[in-house]
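Examination of the molecular architecture
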Amino acid sequence: MDITVQIPTALRRLTSGTGQVKCSASNLSELFSTLDQQFPDLKQHLRDEAGEVRRFLNIYVNEEDIRFLGGAAYAFQDGDEVLLVPSIAGGC
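My aim in this report is to walk through the structure given alongside it, one point at a time. (Residues numbered from 1 in each chain as written. Predicted model: local features only at pLDDT ≥ 70, side-chain atom pairs only at ≥ 80, totals over all residues. Heavy atoms only, no water.)

1. Here we look at unusual backbone geometry
What counts here: Strands are runs of DSSP state E lasting at least 2 residues, helices are runs of H or I lasting at least 4, and numbering of each runs from the N terminus. Summary of the burial criterion: residues with accessible area below 20% of their type's maximum are buried, those above 50% are exposed, and those between are partly exposed, where the area comes from a 1.4 Å probe applied to protein chains only.
In this model, Ser 16 sits at a positive phi of 55 degrees, which is unusual for a non-glycine residue. With respect to the helices, strands and loops of the structure, Ser 16 is situated in the loop between β1 (3-6) and β2 (20-23). The phi dihedral of Asn 62 falls on the positive side, at around 50 degrees, and the residue is not glycine. Following the sequence through the fold, Asn 62 ends up in the loop between β3 (57-61) and β4 (64-65). Judged by its relative accessible area of 43%, Asn 62 is partly exposed.

2. Notes on the pattern of salt bridges
Two side chains that carry opposite charge are able to pair once their charged atoms sit near each other. Filter applied, for reference: The term salt bridge refers to a pairing of a side-chain nitrogen on Lys or Arg with a carboxyl oxygen on Asp or Glu at a separation within 4 Å.
Evaluated as defined, the whole model comprises three salt bridges. Linking Asp 36 and Arg 47 is a salt bridge whose minimum nitrogen-to-oxygen distance equals 3.2 Å. In this pair, Asp 36 is assigned in helix α1 (residues 28-38) and Arg 47 in the loop between α2 (43-46) and β3, connecting sequence segments eleven residues apart. Residue classification places Arg 47 among the buried positions, given a relative accessible area of 17%. Taking the shortest distance from any N to any O, the salt bridge between Arg 54 and Glu 49 comes out at 3.7 Å. What makes Arg 54 partly exposed here is its relative accessible area of 28%.

3. Some details on the pairing of β2
Counted only if it meets this: The rule for pairing is simple: two strands pair if DSSP sees at least two bridges between them.
The two faces of β2 differ: Val 21 and Cys 23 on one face are buried, but Gln 20 and Lys 22 on the other face are not. Where β1 and β2 come together, four bridges link them in antiparallel fashion. By the bridge assignment for β2, Thr 4 is matched with Lys 22.

Geometric values such as these leave the question of function open.
Here is the structure:
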């Protein structure tokens, strides 16, 4: 089973410019472990100190918010496209 992970521009500095990763993770925990191994600098932007998904990281599977699909318990399906979207704030 293969899934595709889209890495947004804001995080590509942590992946040496890689914008897309294919892997065979079956759930979010496996996906994060795979990304941790490939891109160690990315880890702190995905999980907090307790190992939970960062509060301001949005995860979409096939354009659907993963929270509405069962959250971390969601089992990826062959061909799923995962998009990681960090909240970015700024301004005055």
